[in-house]
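What follows is the residue order along each chain.
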There are 4 protein chains.
Amino acid sequence: MLSFESDYIQGAHGKILERLVETNLEPESGYGNDRFCAQAKEKIREACGCPEADVFFLVGGTQTNLVMVDAFLRQHEGVAAAKTGHVSIHEAGAIERTGHKVLELPEQRGKLDPRELTEYLEKFWQDENYEHMVFPGMVYLTHPTEYGTLYTKKELEEISGICHKYKIPLYLDGARLGYGLASRETDVTLSLIARCCDAFYIGGTKVGALCGEAVVFPQGNMPPHFLTLVKQRGALLAKGRLLGIQFDTLFTDELYLTISRHAIEMAELLKEVLREKGIAFFLESPTNQQFVILENGRMEELKKQAAFSFWEKLDETHTIVRFVTSWATRREDIEKLREIL
Amino acid sequence: MLSFESDYIQGAHGKILERLVETNLEPESGYGNDRFCAQAKEKIREACGCPEADVFFLVGGTQTNLVMVDAFLRQHEGVAAAKTGHVSIHEAGAIERTGHKVLELPEQRGKLDPRELTEYLEKFWQDENYEHMVFPGMVYLTHPTEYGTLYTKKELEEISGICHKYKIPLYLDGARLGYGLASRETDVTLSLIARCCDAFYIGGTKVGALCGEAVVFPQGNMPPHFLTLVKQRGALLAKGRLLGIQFDTLFTDELYLTISRHAIEMAELLKEVLREKGIAFFLESPTNQQFVILENGRMEELKKQAAFSFWEKLDETHTIVRFVTSWATRREDIEKLREIL
Amino acid sequence: MLSFESDYIQGAHGKILERLVETNLEPESGYGNDRFCAQAKEKIREACGCPEADVFFLVGGTQTNLVMVDAFLRQHEGVAAAKTGHVSIHEAGAIERTGHKVLELPEQRGKLDPRELTEYLEKFWQDENYEHMVFPGMVYLTHPTEYGTLYTKKELEEISGICHKYKIPLYLDGARLGYGLASRETDVTLSLIARCCDAFYIGGTKVGALCGEAVVFPQGNMPPHFLTLVKQRGALLAKGRLLGIQFDTLFTDELYLTISRHAIEMAELLKEVLREKGIAFFLESPTNQQFVILENGRMEELKKQAAFSFWEKLDETHTIVRFVTSWATRREDIEKLREIL
Amino acid sequence: MLSFESDYIQGAHGKILERLVETNLEPESGYGNDRFCAQAKEKIREACGCPEADVFFLVGGTQTNLVMVDAFLRQHEGVAAAKTGHVSIHEAGAIERTGHKVLELPEQRGKLDPRELTEYLEKFWQDENYEHMVFPGMVYLTHPTEYGTLYTKKELEEISGICHKYKIPLYLDGARLGYGLASRETDVTLSLIARCCDAFYIGGTKVGALCGEAVVFPQGNMPPHFLTLVKQRGALLAKGRLLGIQFDTLFTDELYLTISRHAIEMAELLKEVLREKGIAFFLESPTNQQFVILENGRMEELKKQAAFSFWEKLDETHTIVRFVTSWATRREDIEKLREIL
């Protein structure tokens with residue numbers, strides 16, 4: 001069936017599978033000590049413009065977030081995030097399970113607002129009872145956000161400045177980073193992110209890999225004994241080569257960007273179709289996720305022919321749903337949707 | 001110096017010290033297996049009208065809250081609380097440190113609203129992604145709340161009904177319970193609380209004891225191996241007699257209520273004085289905590305002669321501060337404040 | 001270079017890669033709700049002779065162990081394991097990080113002894129202070145063990161009986177289960193394991209998969225909300241299909257057993273070569289891991305031409321090292337080792 | 001009934017109760033910010049010969065141990081302790097609940113042996129797989145040990161040297177420290193302990209206080225934000241004065257040592273009586289705990305007239321039991337025991 005359910009409904013980009021097949025029987029050591037990981041790390045450092053960066057490969061997004069919070073924070077600290085952030089609501093309490101609070105801040109279309117962040121930090125340090133409260137120990141952003149929106153260069157620089165001033169690490173969750181970088185409406189580059197953040201991850205799972213996320217510590221600031229911390233969370237892959245080969249492929253000849261651009265092109269087509277069919281947008285997204293409002297009857301009808309995701313009830317008769325394109329979306333899929341609608 | 005800083009600035013009610021002295025050399029087993037604990041439990045059962053209740057003594061409030069959340073919740077569950085609840089902001093992340101999220105709900109003058117609670121629960125179960133979210137596993141109330149306000153009988157019964165419907169335990173933090181029960185504006189009794197809640201604690205620390213909180217499980221529903229869970233959190237007092245003697249004394253001849261009523265009487269006098277001196281109230285509280293707005297200059301002046309607590313900045317020139325009475329406040333203290341003001 | 005370093009130095013069995021390529025573009029829902037997972041579960045149920053079994057796919061071994069301990073144990077409980085068990089020493093404290101103690105018991109060639117287990121349990125319940133101790137809440141076995149040894153049918157049944165008597169779940173870590181089942185010296189079958197255990201996992205990573213372990217709950221006794229518990233540990237794979245396809249392939253036409261038998265055949269050849277070259281065995285192993293004693297000079301020499309694993313220093317001049325065969329070991333690899341030696 | 005059950009069967013030393021009564025109504029701030037805590041800290045610094053020391057008061061022993069492990073260790077580290085250490089077996093898994101492993105080492109009459117400690121540390125760092133293991137992050141001693149035995153000056157200095165060499169903090173649990181310092185067979189002083197350890201606590205609960213333990217950081221090396229870490233564990237007492245007054249009293253005019261010496265004198269008398277009555281000692285203890293072997297019939301008979309503690313079954317017909325003296329034991333209690341025996 002036609003599906004716009006998510007950007008992880010297919011396997012991997014063809015080139016990744018080819019490389020897996022080619023290299024399959026070469027013996028390599030485990031736990032990331034293989035030549036593919038080494039190559040992939042080198043290419044990522046180059047793409048980020050950070051020759052000093054540490055890079056570490058993990059399997060999934062929630063896993064990466066919990067490992068990072070655990071590794072960066074001291075016990076009395078929490079992570080400040082938009083209240084719609086992935087760590088705030090859609091990770092089943094994985095962050096709290098590491099013992100840390102998610103300090104939920106207001107959001108503007110999925111984004112943290114630099115002024116609201118400043119206000120929160122000022123208020124915290126002015127509070128005479130702050131020793132009885134959770135200290136802000138990390139700022140967490142998603143880019144693109146859960147609503148497909150993007151920070152601007154100016155916003156990222158401002159937030160980075162605030163974090164720097166308050167000596168709080170800035171961490172960016174890039175589960176869909178490719179689709180953000182490939183957007184037609186962005187001035188944010190990988191090297192900007194590397195300059196602004198203390199750590200971030202480049203999402204593979206949703207951008208063409210079978211699985212895998214590449215954590216980057218731009219200043220070579222990977223916490224000591226990180227491998228052991230990862231192991232302790234059950235997040236150390238025995239056959240690290242599986243991650244190395246995939247990221248090596250994605251960062252060869254700009255494949256990561258190329259396939260992300262394709263998804264954006266498909267998203268633009270999708271938006272045209274949705275507009276053409278008079279479907280209201282819940283908000284404007286410049287990336288591969290589109291949130292629209294469907295009357296419940298129409299939604300039920302549509303479900304029979306195409307898959308998409310439930311997002312939120314809007315009111316008694318309308319629902320917000322999400323359509324997603326990806327590296328694997330074909331022009332003909334969009335055409336078919338047009339016909340159905 | 002004159003102090004209205006909190007309700008824990010003095011030692012213990014005189015009768016408690018007398019009993020400690022009298023019983024001091026009688027040998028008794030440790031960990032709560034002493035005759036004083038046994039007597040105190042029996043008197044508390046009677047005061048609650050719950051002959052079947054389990055009672056357990058702990059040392060402090062944050063400790064009690066974290067032990068209870070830990071004992072009642074399964075791993076995938078969090079505790080729903082008003083966003084101004086003690087567990088939400090003033091326990092330094094003690095709840096999250098046990099691995100559980102505080103699900104922060106809107107508050108009305110420090111209280112959870114039954115309708116907003118229902119709305120949250122309905123929305124949770126309607127969300128198709130709820131398996132990726134933190135499940136509501138307990139509802140947490142404070143009575144009196146952090147703002148000194150009180151739930152009505154009707155509100156408690158409604159919230160209890162909602163919890164019952166959704167099969168979620170209702171837990172009430174009674175750090176200042178005495179002052180709530182003794183208020184002139186309440187229809188809530190100890191036996192009502194026992195009927196409505198799955199567990200609650202009767203605060204000793206702030207109501208005349210040196211330390212100590214009595215957790216009550218009205219239906220004899222103390223979780224299995226509770227003593228071990230308490231021990232594991234470092235919360236099992238070796239000389240349990242210290243807690244037993246105190247609660248035995250507080251629940252003999254209604255001492256707990258009598259001294260609480262005194263604090264309320266003093267609070268009413270205090271309110272008169274504050275009103276008389278033209279000081280604006282931040283909100284009306286029927287218990288022993290009074291929140292007023294002071295112009296910053298006046299605040300600094302007053303600080304030199306009387307202690308009170310910072311609560312929150314209101315604006316650039318005004319601050320919200322808290323005055324608290326207790327079992328130990330004397331009529332002459334209030335008179336002296338009148339003179340100073 | 002020739003390598004006997006571990007059983008995870010290559011990619012995956014060729015048939016698995018073929019299936020990944022074939023199915024790559026079929027859209028499927030995430031998180032294990034795909035048709036490949038459904039098929040694989042059905043085949044595993046059949047192989048275990050447990051039509052009622054629940055099956056869940058996870059990514060790696062340490063991850064599986066920590067999720068299982070977390071899901072099965074109450075807070076006051078620990079997991080009893082041989083002191084050489086994987087959870088005891090080689091998981092970087094992953095179990096303790098979930099809050100549970102590993103109760104280390106004596107071992108006999110890597111195995112728990114039924115009598116020693118009984119003795120421990122009897123002593124625990126006879127101890128008058130047991131409420132101040134960690135309760136045994138799970139028994140953990142590895143089969144094959146860290147030393148490649150195997151439990152007999154009789155031993156498994158005895159241990160299962162003890163666990164049943166004391167109402168403690170029995171959990172078996174089958175990271176290398178295939179190599180145990182395929183051994184020439186075993187009377188243990190998959191269905192025996194399913195009858196004896198409350199849960200166990202069938203290892204994929206070390207037996208031909210890129211990654212993946214299949215947890216089996218033979219009596220349909222998967223803990224409630226297991227998916228959420230898995231998510232919370234960062235262990236829920238978005239593209240669950242990756243695991244489904246692999247296990248579906250491994251359990252089609254007995255591929256899992258067939259490739260395991262090959263590894264055992266290679267191990268037998270390896271043993272012959274080692275014996276022939278006068279190398280002393282540290283212990284006799286009937287599976288794919290062989291532990292031998294090398295004089296340090298010879299070890300350093302050998303290292304230049306073949307990879308193997310350091311295990312333990314024996315004394316100042318000798319080291320225990322490990323040689324491992326796998327589904328991917330070729331007859332010519334063994335021949336080459338013979339020449340080198 | 002006559003009781004030698006433990007050293008926490010009575011209330012507090014009379015002088016402590018006097019001081020509590022005298023100071024009862026003086027208003028003081030909470031959470032340790034009172035003048036009694038300030039005075040007590042100063043006196044403890046003096047007694048330890050450490051003018052730079054940080055001192056913090058906590059309520060109980062298990063609580064102190066878990067807070068200290070939590071505050072000192074990084075996530076990948078565990079605490080090395082004798083396998084009979086209090087943290088190893090009698091704290092219900094409180095340490096593991098903070099996420100850290102207790103690395104259990106061999107013991108000699110309750111004590112860690114410097115050579116065995118060295119051997120363990122050497123082996124750890126020589127193991128090529130150490131990144132997959134729990135790192136030693138603290139060495140934990142009890143003095144006196146669980147068996148009443150004492151480290152010598154030489155042993156403490158050796159262990160301290162080893163910890164220094166490996167850069168591992170040394171922490172000493174002094175739940176019964178007074179009885180160790182007051183022993184007739186020791187060359188260990190409080191200032192020696194302060195020189196050898198990175199942190200230790202001076203036990204109050206078992207040495208004359210109602211409750212309370214004083215943690216000392218001799219080099220002013222209290223971890224940053226320690227108060228918040230304490231709060232987070234539910235271990236911050238609101239009326240900190242209760243602890244301050246008690247330790248102020250205990251460290252005035254050497255009361256702590258004086259009452260400890262009395263307990264030792266009583267223990268020496270007790271040993272005479274036990275020897276005189278032909279009762280076999282399980283081991284020789286120079287402090288206030290005596291472990292003897294009773295034939296089960298005699299034990300049951302004795303139980304009717306005197307309380308003591310079960311320790312361990314020795315064989316089918318004999319049991320190891322513990323008799324304890326304390327600051328509160330009277331000469332006549334020992335005489336009465338002589339008569340009964």
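What you see is a predicted model, and the numbers here were worked out from it, not measured in a lab.

Thresholds, definitions, all that
- Residues numbered from 1 in each chain as written.
- Chains lettered and ligands numbered in written order.
- Predicted model: local features only at pLDDT ≥ 70, side-chain atom pairs only at ≥ 80, totals over all residues.
- Heavy atoms only, no water.
- Helix = DSSP H or I, 4+ residues; strand = E, 2+ residues; numbered from the N terminus.
- Rg over C-alpha atoms; globule rule 2.2 N^0.38 Å.
- Buried < 20%, exposed > 50% of the residue type's maximum accessible area, 1.4 Å probe, protein only.
- Contact = heavy atoms within 4.5 Å.
- Areas by Shrake-Rupley, 256 points an atom, 1.4 Å probe, with all protein chains shown as cover.
- Lys, Arg positive; Asp, Glu negative; His and termini not counted.
- Charge placed at Lys NZ, Arg CZ, Asp CG, Glu CD.
- pLDDT = per-residue confidence, 0-100.
- Least-squares fit on C-alpha atoms with pLDDT ≥ 70 in both.
- Salt bridge = Lys/Arg side-chain N within 4 Å of Asp/Glu carboxyl O.
- Polar contact = N/O pair within 3.5 Å; in protein donor to acceptor, adjacent residues only side chain to side chain.
- Pairing = 2+ DSSP bridges.
- Axes fitted to C-alpha atoms, helices over the stretch in contact; angles between N-to-C directions.
- Arc of directions from axis to C-beta.
- Disulfide = S-S within 2.5 Å.
- Buried area = accessible area lost by both parts, 1.4 Å probe.
- Phe/Tyr/Trp six-rings, centres within 6.5 Å; stacked < 30°, edge-to-face > 60°.
- Lys NZ or Arg CZ within 6 Å of the ring centre and 35° of its normal.
- Parallel < 35°, antiparallel > 145°, perpendicular 65-115°, else oblique.
- Left-handed = near helix turned anticlockwise from the far one by under 90°.
- Nonpolar A, V, L, I, M, F, W, Y, C, P; charged D, E, K, R; others polar.

Novice: Quick rundown of the overall build of chain A? Include the residues and the values.
Specialist: For chain A, the helix and strand inventory stands at 14 helices and 13 strands. Relative to a compact globule of 341 residues, whose C-alpha radius of gyration would be 20 Å, chain A shows 20 Å and is just as compact. When the backbone C-alpha atoms are referred to their principal axes, chain A occupies close to 60 × 55 × 35 Å. Considering chain A as a whole, with its 341 residues, one finds that 67% of them fall into the buried category. Taking the contacts inside chain A whose residues are at least 6 apart along the sequence as the reference set, 72% of them involve residues at least 24 apart. A total accessible area of about 11800 Å² is found for chain A, and carbon and sulfur atoms account for 49% of it. The centroid of the 39 positive side-chain charges in chain A is displaced by 2 Å from the centroid of its 51 negative side-chain charges.

Novice: An account of the confidence of the model for chain A is needed here, citing residue identities and associated values.
Specialist: Averaged over all residues, the pLDDT of chain A equals 97, while 100% of them reach at least 70. Taken together, the chains of this predicted complex give a pTM of 0.97 and an interface ipTM of 0.97.

Novice: Could you give an account of the relation of the copies chain C and chain A, with specific residues and numbers?
Specialist: The relation between the two copies of this chain is a rotation about an axis and a shift parallel to it. Overlay of chain C on chain A (RMSD 0.0 Å): rotation 180°, translation along the axis 0.0 Å. One copy is carried onto the other by what is essentially a two-fold rotation axis.

Novice: I'd like a rundown of the interface of chain C and chain A, residues and numbers included.
Specialist: Each partner contributes residues to the interface: chain C has 45 residues there, and chain A has 45 residues. The interface formed by chain C and chain A holds 2 salt bridges in total. Taken together, the connections running from chain C to chain A amount to 26 residue pairs in polar contact (both at pLDDT 80 or more). Secondary structure elements with two or more residues in the side of chain C that touches chain A: α1 (14-23), α3 (61-72), α5 (94-97), α10 (226-232) and α11 (241-250) of chain C. Per-element accounting of the side of chain C that touches chain A gives the leading share, 4 residues, to α3(C).

Novice: An account of the relation of the copies chain D and chain B is requested, with residue identities and associated values reported.
Specialist: Overlaying chain D on chain B yields an RMSD of 0.0 Å, the required transformation being a rotation through 180° with an accompanying axial translation of 0.0 Å. When the interface residues of chain D are mapped onto chain B, 100% of them again lie at the interface, so the same face is used by both copies.

Novice: How would you sum up the pattern of salt bridges? Please name residues and give values.
Specialist: Close approach of charged atoms allows side chains with opposite charge to pair. Tallying each qualifying case throughout the model produces 104 salt bridges over all chains. Salt-bridge contacts for Asp70(D) lead to Arg97(B); the nearest nitrogen and oxygen are separated by 3.5 Å. Here the residue Asp70(D) occupies a position in helix α3 (residues 61-72), and Arg97(B) occupies one in helix α5 (residues 94-97), the pair thus bridging two chains. Arg97(B) carries the same exposure label as Asp70(D), and that label is buried. For the salt bridge of Arg35(C) with Glu28(C), the shortest nitrogen-to-oxygen distance reads 3.7 Å. Among the ionic contacts, a cluster of salt bridges with common partners joins Arg19(A), Glu22(A), Lys43(A) and Asp248(A).

Novice: Got a sec to walk through the sheet that holds strand β9 (residues 280-283) of chain A? Specific residues and values, please.
Specialist: Sheet strands pair via backbone hydrogen bonds, and the direction of the pair is either parallel or antiparallel. All names here are of chain A. Spatial strand order, β9-β10-β13-β12: 4 strands in an open sheet with antiparallel pairing. Only two strands of the sheet have a single partner each, and these edge strands are β9 and β12 (309-313). Mean inter-strand twist for the sheet, computed between neighbouring axes without regard to direction, equals 40°. Two elements, strand β10 (residues 289-295) and strand β13 (residues 318-324), share 7 bridges in a ladder whose sense is antiparallel.

Novice: Outline helix α14 (residues 331-340) of chain B, listing residues and values.
Specialist: What sets the pattern is the α-helix's 3.6 residues per turn: residues three or four places apart point alike. All names here are of chain B. Those residues of α14 not exposed but buried are Asp333, Ile334 and Leu337. Taken end-on, α14 shows its buried residues confined to a sector of 100°, consistent with a single buried face. Exposed residues on α14 whose side chains face more than 90 degrees from its buried face are Glu332 and Glu339. Against β1 (2-3), α12 (255-276), β11 (306-307) and β13 (318-324) lie the buried residues of α14.

Novice: So what about the state of the cysteines? Which residues, and what values?
Specialist: Simply put, the disulfide is a covalent bond whose two ends are the sulfur atoms of two cysteines. If you walk through the whole model with that rule in mind, you get 0 disulfides over all chains. Considering cysteine sulfurs only, Cys211(C) is the nearest to Cys211(A), which forms no disulfide, with 5.5 Å between them.

Novice: Go over the interface of chain D and chain B with me, naming the residues and quoting the values.
Specialist: Across the boundary between the two partners, chain D contributes 45 residues, which contact 45 residues of chain B. Both faces combined, the contact of chain D with chain B buries some 3900 Å², and carbon together with sulfur accounts for 57% of it. At the boundary of chain D and chain B, one finds 26 residue pairs in polar contact (both at pLDDT 80 or more). Mapped by element, the contributors of at least two residues to the side of chain D that touches chain B are α1 (14-23), α3, α5 (94-97), α10 (226-232) and α11 (241-250) of chain D.

Novice: I'd like to hear about the sheet that holds strand β3 (residues 77-82) of chain D, residue by residue, with values.
Specialist: All names here are of chain D. The 7 strands lie next to each other as β2-β8-β7-β6-β5-β3-β4, forming an open sheet whose pairing is mixed. Since the sheet does not close on itself, it has two edges, and those belong to β2 (54-58) and β4 (102-105), each with one partner. For this sheet, the mean inter-axis angle between neighbouring strands, taken without regard to orientation, is 25°. Most of the contacts of α11 go to β2, to which it runs at about 115°, and overall it touches β2, β7 (199-203) and β8 (213-217).

Novice: How would you summarise helix α1 (residues 14-23) of chain B if you had to cite specific residues and measurements?
Specialist: Burial in α1(B) covers these residues: Ile16(B), Leu17(B), Arg19(B), Leu20(B) and Thr23(B). Along the axis of α1(B), the buried positions cluster into a sector of 160°, meaning they face one direction only. Looking at the buried residues of α1(B), the elements they touch are α2 (35-48) and α11 (241-250) of chain B together with α1 of chain D.

Novice: An account of the packing of aromatic side chains is needed here, citing residue identities and associated values.
Specialist: Two descriptors summarise a pair of aromatic rings, namely the distance from one centre to the other and the angle between the planes of the rings. In total, this model carries 76 aromatic pairs over all chains according to the counting rule given. Ring centres 5.2 Å apart and planes at 25° place the aromatic pair Phe308(B) and Phe323(B) in the stacked group. Of this pair, Phe308(B) sits in the loop between β11 and β12 (309-313) while Phe323(B) sits in strand β13; the two residues are 15 residues apart in sequence, bridging distant segments of the chain. Across the pair, Phe323(B) and Phe308(B) agree in class, each one buried. Taken together, the ring pairs in this structure connect Phe56(A), Phe72(A), Phe217(A) and Phe226(A) into an aromatic cluster. Taking the ring centre of Tyr151(B) as reference, the NZ or CZ of Lys111(B) above it sits at 5.6 Å. Against the face of Phe281(C) rests Arg275(C), its NZ or CZ located 5.4 Å from the ring centre.

Novice: Any chance you could break down the pairing of strand β8 (residues 213-217) of chain A for me, citing the residues and the numbers?
Specialist: Residues and elements named next belong to chain A. Among the 5 residues of β8, 5 are classified as buried, and the element is accordingly described as predominantly covered. Here β8 shows a buried face lined by Glu213, Val215 and Phe217 and a second buried face lined by Ala214 and Val216. Where strand β2 (residues 54-58) meets β8, 5 bridges bridge the pair, whose relative direction is antiparallel. Each residue of the ladder has a partner; that of Phe56, found in β8, is Val215.

Novice: Lay out the environment of Pro218(D) in plain terms, naming residues and giving numbers.
Specialist: Residues and elements named next belong to chain D. Secondary-structure assignment places Pro218 in the loop between β8 and α10. Accessibility expressed as a relative area gives 5% for Pro218, which makes it buried. Along the backbone, Pro218 and Cys197 are 21 residues apart, and their C-alpha atoms lie at a distance of 7.6 Å. Setting aside residues up to four positions removed in sequence, Pro218 forms contacts with Cys50, Glu52, Ala53, Ala194, Cys197, Asp198, Ala199 and Phe200.

Novice: For the packing of helix α1 (residues 14-23) of chain A against helix α11 (residues 241-250) of chain A, give the residues involved together with the corresponding values.
Specialist: Residue and element names in this part refer to chain A. Relative orientation of the contacting elements α1 and α11 amounts to 130°, with a least axis distance of 9 Å. With respect to α11, the element α1 is oriented oblique. For the crossing formed where α1 meets α11, the hand is right-handed. Touching Lys15, Ile16, Arg19, Leu20 and Thr23 of α1 are Arg241, Leu242, Ile245, Gln246, Asp248, Thr249 and Leu250, all from α11. Residue classes in the contact of α1 with α11 are distributed as 5 nonpolar, 3 polar and 4 charged.

Novice: If you had to explain the pairing of strand β7 (residues 199-203) of chain C to someone new, which residues and values would you point to?
Specialist: Residue and element names in this part refer to chain C. Of all 5 residues in β7, 5 are buried; the element is thus mostly enclosed. Burial of the side chains of β7 extends over both faces: Ala199, Tyr201 and Gly203 are buried on one face and Phe200 and Ile202 on the other. Pairing of strand β6 (residues 170-174) with β7 involves 4 bridges; the strand directions are parallel. Opposite Leu172, over in β7, you have Phe200 as the bridge partner. With 4 bridges joining them, β7 and strand β8 (residues 213-217) adopt antiparallel strand pairing. Residue pairing for β8: Ile202 is matched across the bridge by Ala214.

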